[in-house]
Amino acid sequence: MNRRTPPRIPAALILLSSFVIPRPAASFSEEYQVHVQGGVPVKMRDGVTLIADVYRPAAPGKFPVLLERTPYNRRDAATGIFLASRGYVVVLQDTRGRFDSGGEFYPFRYES
């Protein structure tokens, strides 16, 4: 029986990898002012319009985006402002048929 042994990773390579791990877009110590756009209509492929609130850092540059689509009401300003002030663009959106969004709400949709 020919058994292969797994390759060994040198300790120096493991130690070096800790120095090349990318930093997040913003450290939590850095805070930004926040721009809020409320009630932004977003048209889906099938024509239904979903409504979203968008929270953006008030700074130039690119930021990672967090999207939350929820049936429990998108109006959670504390979460949006907290995350946007730390360097994320946050989109909080109502699902179909809930609150201001169009369409019909199917909580447990099953199609065969």
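Because the structure is a prediction, the values reported are computed rather than measured. (Residues numbered from 1 in each chain as written. Predicted model: local features only at pLDDT ≥ 70, side-chain atom pairs only at ≥ 80, totals over all residues. Heavy atoms only, no water.)

> Looking at this model, I keep getting lost on the pairing of strand β2 (residues 49-57). Mind explaining?
Note on strand geometry: in a regular strand, side chains alternate between the two faces of the sheet. Within β2, seven of the nine residues are buried, which leaves the element mostly enclosed by the surrounding structure. Sheet topology places strand β1 (residues 34-43) next to β2; eight bridges connect them, and they run antiparallel. The residue of β2 that forms the bridge with valine 34 is proline 57. If you look at the hairpin formed by β1 and β2, you'll find five residues sitting between the two strands, and glycine 47 has a positive phi there, around 95°. (Buried < 20%, exposed > 50% of the residue type's maximum accessible area, 1.4 Å probe, protein only. Helix = DSSP H or I, 4+ residues; strand = E, 2+ residues; numbered from the N terminus. Pairing = 2+ DSSP bridges.)

> Would you explain the side chain of glutamine 93 in this entry?
Among the structural elements, glutamine 93 can be located in strand β4 (residues 89-94). A polar contact of 2.6 Å, which involves the side chain of glutamine 93, links it to the side chain of arginine 69. (Polar contact = N/O pair within 3.5 Å; in protein donor to acceptor, adjacent residues only side chain to side chain.)

> Help me out: how do you make sense of the pairing of strand β3 (residues 65-70) in this one?
Pairing of β3 with β4, which is carried by six bridges, proceeds in the parallel orientation. The partner of leucine 67 across the bridge, within β4, is valine 91. As for the winding sense of the linkage, the β-α-β connection from β3 through helix α2 (residues 77-84) to β4 is right-handed. (Right-handed = clockwise from strand over helix to strand, strands pointing away.)

> Sorry, what's going on with the packing of aromatic side chains here?
How two aromatic rings sit relative to each other is given by the distance of their centres and the angle of their planes. The final tally for this structure, using the stated rule, is one aromatic pair. Ring geometry for tyrosine 32 and phenylalanine 63: centres 5.4 Å apart, planes at 80°, overall edge-to-face. Here tyrosine 32 is found in the loop between α1 (11-17) and β1, whereas its partner phenylalanine 63 is found in the loop between β2 and β3, with 31 residues between them in sequence. Pair check on accessibility: tyrosine 32 and phenylalanine 63 agree, each one buried. Here the basic side chain of arginine 98 rests over the ring of phenylalanine 105, its NZ or CZ set 5.0 Å away from the ring centre. (Phe/Tyr/Trp six-rings, centres within 6.5 Å; stacked < 30°, edge-to-face > 60°. Lys NZ or Arg CZ within 6 Å of the ring centre and 35° of its normal.)

> Explain the side chain of aspartate 53 here, please?
Mapped onto the elements, aspartate 53 comes out in strand β2. Here glycine 39 takes part through its backbone nitrogen, which lies 2.9 Å from a polar atom of the side chain of aspartate 53. Not counting residues within four places of it along the chain, the set of residues in contact with aspartate 53 comprises Gln37, Gly38, Gly39, Arg74, Arg75, Val90, Val91 and Leu92. (Contact = heavy atoms within 4.5 Å.)

> Explanation requested: the sheet that holds β4 in the structure shown.
Pairing between the strands of a sheet is mediated by backbone hydrogen bonds and can be parallel or antiparallel. Spatially, the four strands line up as an open sheet ordered β1-β2-β4-β3, and their pairing is mixed. Both edges of this open sheet fall to β1 and β3, since each of them pairs with a single strand only. Averaged over all pairs of adjacent strands, the angle between strand axes in this sheet comes to 20°, irrespective of strand direction. Each of β1, β2, β3 and β4 touches α2; the most contacted strand, β2, lies at about 40° to it. (Axes fitted to C-alpha atoms, helices over the stretch in contact; angles between N-to-C directions.)

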